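One-letter residues, chain by chain:
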Amino acid sequence: MTESEDLAEIRRAVQALCAEFPGEYWREKDRTRDYPGEFVDALTRAGFLAALIPGDYGGSGLKLDAAAVIMEEIQAAGCNGASAHAQMYIMNTLLKYGSEEQKRAYLPGIADGSLRLQAFGVSEPTSGTDTLSLRTVAVRDGDEYVVNGQKIWTSRAEHSDLMLLLARTTPREQVAKKTEGLSIFLVDMRQAVGSGMTIKPIRTMMNHSTTEVFFDDLRIPASSLIGEEGQGFRYILSGMNAERILIAAECIGDAKWFIQKASDYAKDRKVFNRPIGQNQGVQFPIARCYAQMRAAELMVHHAAQVYDSGGNPGAEANMAKMLASEASWAAADMCVQTFGGFGFAEEYDVERKFRESRLYTVAPISTNLILSYLAEHVLGLPRSY
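Throughout what follows, the structure given in this document is the object of discussion. This structure is a prediction, so every number in the text was calculated from the model and none was measured. Each chain has its residues counted from 1, running along the sequence as written. In keeping with the model being predicted, local features are shown solely for residues with a pLDDT of at least 70 and side-chain atom pairs are shown and tallied solely at 80 or more, while totals for entire chains, interfaces and linings include all residues. Side-chain measures were taken over the full set of non-hydrogen atoms in the model, leaving aside hydrogen atoms and water.

**Regarding the overall build of the protein chain**
Segments assigned H or I by DSSP are reported as helices when at least four residues long, segments assigned E as strands when at least two residues long, and all are numbered from the N terminus. Regarding its fold elements, the protein chain presents 12 helices and 10 strands. Taken over C-alpha atoms, the radius of gyration comes to 21 Å for the protein chain, in line with the 21 Å a tight globule of 385 residues would show. Judged by the C-alpha coordinates and their principal axes, the protein chain covers about 80 × 50 × 40 Å. Each residue's exposure class comes from its accessible area (1.4 Å probe, protein chains only) as a fraction of the maximum for that residue type: buried when under 20%, exposed when over 50%, partly exposed otherwise. For the protein chain, buried positions account for 56% of its 385 residues. In what follows, residue pairs with any heavy atoms lying within 4.5 Å of each other are defined as contacts. A separation threshold of at least 6 residues defines the contact pool for the protein chain, and within that pool the share at least 24 residues apart is 73%. With residues, only the protein chains shown are counted as cover, and all accessible areas are computed by Shrake-Rupley using a 1.4 Å probe. Accessible surface computed for the protein chain: about 17,000 Å², of which carbon and sulfur atoms make up 51%. Counting rule for charge: Lys and Arg are taken as positive, Asp and Glu as negative, and neither His nor the chain ends is counted. A charge is said to be at NZ when it belongs to Lys, at CZ for Arg, at CG for Asp and at CD for Glu. Averaging the positions of the 40 positive and the 49 negative side-chain charges in the protein chain gives two centres separated by 5 Å. We take the radius of gyration over the C-alpha atoms and set the globule estimate at 2.2 Å times the residue count to the 0.38 power.

Structure follows, in structure tokens:
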């Protein structure tokens, strides 16, 4: 696998930026459960979070393979890209289906950092990944929509100015196809909070800034609608593919961090007057994780290439996410085992990254649903749900 000099230069630039945010910074944020605003601001100033925004709107106009490199290197440096990654893949829906007026109104501000688009309101307590069963509704009332319902696992809602919201605008029993009747809105949270929107943080095992959001007769202008009413589910599918590819790239970065961390420790740590890395019982798990990571890495790059070429990367994006998350989690477990008791000590950052990496075998889509997708849409087996 060869890489262009442009992508190699992006890697070096991200590495240099991340060097300014060492483990001490992330340990403190994890300890206090604070949002890493300084890190997000630095990424924004460097133009990394505007990578996918066209130059006409103040962005870099790069492709998804470049965005994947950015997210991979953030994780490989021991940082946490979850604080900002949504801004990249949420953008896709606005870029593809937003009106020119909406793009001109929001994209330049997102690119220069004066606006943050990092909240994606999709999942609900009763529906989970069964998106078509969501219950949040938006009812047209003149020049406005009135929104009622609840979202959960809406990460970064407390730190975002804008939210991409998926809501039902036509009752499910009144649509010809089950994929119709859902619409996408770009909600200005600065106006919504306290006027029908309530945000409640959810404390989790890792510092992920996730929340649940309640809508109680929230009124938003009809101009908030992106694209055509009732077609929102179709609009977000492409964005979900981008999301899975970028998350997969993050997992590759995590796996590389764990493998390097374990290798360095195994070379230096001496027990019974010899480096523990001299023992095959330590060597082999590290080597196996490296091989697993490299195989998953190839699938991630392939999925990004299919996406960038205009193809439908549904299968590739799902496989990339599954394989990369499993490689990351295997490497995390191996790293803790290599470190032994020290793997649980905060100062080495292993336990923090261990907790963070566990998320991606569950989110943004579980492994079981990926397998169901492949079974039905690739292998032609009967639908299982």
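Now that the structure is up, let's keep going.
**Examining the side chain of K103**
Summarising the element assignment, K103 is placed in helix α6 (residues 100-112). Buried and without a salt bridge, K103 has E100 as its closest oppositely charged side chain, separated by 4.7 Å. Definition of a polar contact: a pair of N or O atoms within 3.5 Å, with one able to donate and the other able to accept a hydrogen when the atoms are protein atoms, and with sequence-neighbouring residues admitted only if both atoms are side-chain atoms. Engagement of the side chain of K103 in a polar contact is seen with the backbone oxygen of L95, the distance being 2.9 Å. Once residues lying within four places of it in the same chain are set aside, the contact partners of K103 are Y57, L94, L95, G98 and P108. Here, a salt bridge means any side-chain nitrogen of Lys or Arg that lies within 4 Å of a carboxyl oxygen of Asp or Glu.

**Looking at unusual backbone geometry**
Cis geometry marks the peptide bond from A363 to P364, where omega comes out at 0°. Here P364 is to be found in the loop between α11 (350-358) and α12 (367-378). Although it is not a glycine, W153 sits at a positive phi angle of roughly 60°. With a phi angle near 50°, S209 is a residue other than glycine that sits in the positive phi range. Mapped onto the elements, S209 comes out in the loop between β6 (197-201) and β7 (211-221).

**Describing the pairing of strand β5 (residues 182-188)**
By the criterion of burial, β5 is predominantly enclosed, with seven of the seven residues buried. Side chains of β5 alternate between two faces, with L182, I184, L186 and D188 and S183, F185 and V187 buried alike. For two strands to be treated as a pair, DSSP must find at least two bridges joining them. Here strand β4 (residues 162-168) runs beside β5; their pairing, made up of seven bridges, is antiparallel. Bridge pairing in β5 places R168 opposite L182. Where β5 and strand β8 (residues 225-226) come together, two bridges link them in antiparallel fashion. In the sheet register, F185 faces β8, and the bridge partner there is L225.

**Section: the pairing of β7**
Here eight bridges tie strand β3 (residues 144-152) to β7, and the two strands are oriented antiparallel to one another. Bridge pairing in β7 links I152 to E212.

**Notes on the pattern of salt bridges**
Applying the stated rule across the entire model yields 25 salt bridges. Notably, a salt bridge pairs D349 with R27, separated by 2.9 Å at the nearest N-O pair. With a gap of 322 residues between them, D349 in the loop between α10 (314-339) and α11 and R27 in helix α2 (residues 23-32) connect regions that are remote in the sequence. Judged by relative accessible area, which is 8%, D349 ranks as buried. Residue class for R27 comes out buried when judged on its relative accessible area of 13%. Salt-bridge contacts for R31 lead to E28; the nearest nitrogen and oxygen are separated by 2.6 Å. Placement of both R31 and E28 in helix α2 is noted, with a separation of three residues, approximately one turn of the helix. The partly exposed category is assigned to E28, whose relative accessible area is 37%. One network of salt bridges, with partners in common, ties together E3, R11, E72, E73, K256, R294 and E297.

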